[in-house]
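Structural description and commentary
The residues making up each chain are set out below.
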Amino acid sequence: MIKVCFVCLGNICRSPMAELVFKDLAEKEGLSDKFEITSCGTSSCEAGSAIYPPIKRTLDSHRISGSHIARKITKTDLEDSDYILAMDGENIYELKCMSGGKYSDKMYKLCSFTDKPRDVADPWYTRDFERAYCDVFDGCRAFLEYLKREAL
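Here the structure is a predicted model, which means the values were calculated and not measured. (Residues numbered from 1 in each chain as written. Predicted model: local features only at pLDDT ≥ 70, side-chain atom pairs only at ≥ 80, totals over all residues. Heavy atoms only, no water.)

The next thing to look at is the pattern of salt bridges. What the rule picks out here adds up to 13 salt bridges. Of the charged contacts, one joins D135 and R118 as a salt bridge, the two residues approaching to 3.0 Å between their closest N and O atoms. Of this pair, D135 sits in helix α6 (residues 129-150) while R118 is found in the loop between β4 (107-109) and α5 (123-126), placing the two residues 17 residues apart along the sequence. Since its relative accessible area comes to 18%, R118 is described here as buried. We note a salt bridge from D138 to R118, for which the minimum N-O separation is 2.8 Å. With D138 in helix α6 and R118 in the loop between β4 and α5, this residue pair connects regions lying 20 residues apart in the sequence. By sharing partners, the salt bridges in this structure join R118, D135, D138 and R141 into a single network. (Salt bridge = Lys/Arg side-chain N within 4 Å of Asp/Glu carboxyl O. Helix = DSSP H or I, 4+ residues; strand = E, 2+ residues; numbered from the N terminus. Buried < 20%, exposed > 50% of the residue type's maximum accessible area, 1.4 Å probe, protein only.)

This is the structure:
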């Protein structure tokens, strides 16, 4: 089983979106049983909160369902995950600081698997939830294709 952990700052916008999008893609490909998929934040500022309502509405508009309660990433998450997929460079920096660089070999920006590597746009600041969805979907689809070639 491949353990995937998606990470953003507060775990109420981009990382739970990526978790649910990736679960949906894996299910549609008949690969759900191959993965353990979760998401976390680098901060505990939103711990205990549900998915941010505009993110939930965006997911609903794309017929992706699910729920999530925000939590901060733990040492166990860092140790046990096969892939830690951050939404942006700042998330990678925070993860490396938290871990002393110990798990850097399994940390990637989600969109580094795409033909157009980039950060996932942060809708908390841009207010463009559809753009964040497009970045997340593109990254998740490319990551799944990578795994189908390299690990499954």
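As a further point, take helix α1 (residues 14-28). With 15 residues, α1 extends 21 Å between its outermost C-alpha atoms, agreeing within 8% with the 21 Å of an ideal straight helix rising 1.5 Å per residue. Most of α1 sits out of view: 12 of its 15 residues are buried. Every buried residue of α1 is accounted for by R14, S15, P16, M17, A18, E19, L20, V21, F22, D24, L25 and A26. Summarising the contacts, the buried residues of α1 are in contact with β1 (2-8), β2 (35-41), α2 (53-61), α4 (89-99), α5 and α6. (Expected span 1.5 Å × (residues − 1). Contact = heavy atoms within 4.5 Å.)

Moving on, we get to the sheet that holds β2. Pairing between the strands of a sheet is mediated by backbone hydrogen bonds and can be parallel or antiparallel. Strand order across the open sheet formed by 4 strands is β2-β1-β3-β4, with parallel pairing between neighbours. Only two strands of the sheet have a single partner each, and these edge strands are β2 and β4. With direction set aside, neighbouring strand axes in the sheet form an average angle of 25°. Relative to β4, strand β3 (residues 83-86) is paired through 3 bridges, and the arrangement is parallel. Directly across from I84, in β4, lies its bridge partner M107. Relative to the sheet, α1 contacts β1 and β2, its axis offset from that of β2 by approximately 170°. Lying over the sheet, α4 contacts β1, β3 and β4, oriented at roughly 170° with respect to β4. (Pairing = 2+ DSSP bridges. Axes fitted to C-alpha atoms, helices over the stretch in contact; angles between N-to-C directions.)

Here we take up the pairing of β3. The alternating pattern of β3 places Y83 and L85 on one face and I84 and A86 on the opposite face, and all of these are buried. With 4 bridges connecting them, β1 and β3 associate as parallel partners. Directly across from C5, in β3, lies its bridge partner I84. Considered for its hand, the β-α-β crossover made up of β3, α4 and β4 is right-handed. (Right-handed = clockwise from strand over helix to strand, strands pointing away.)

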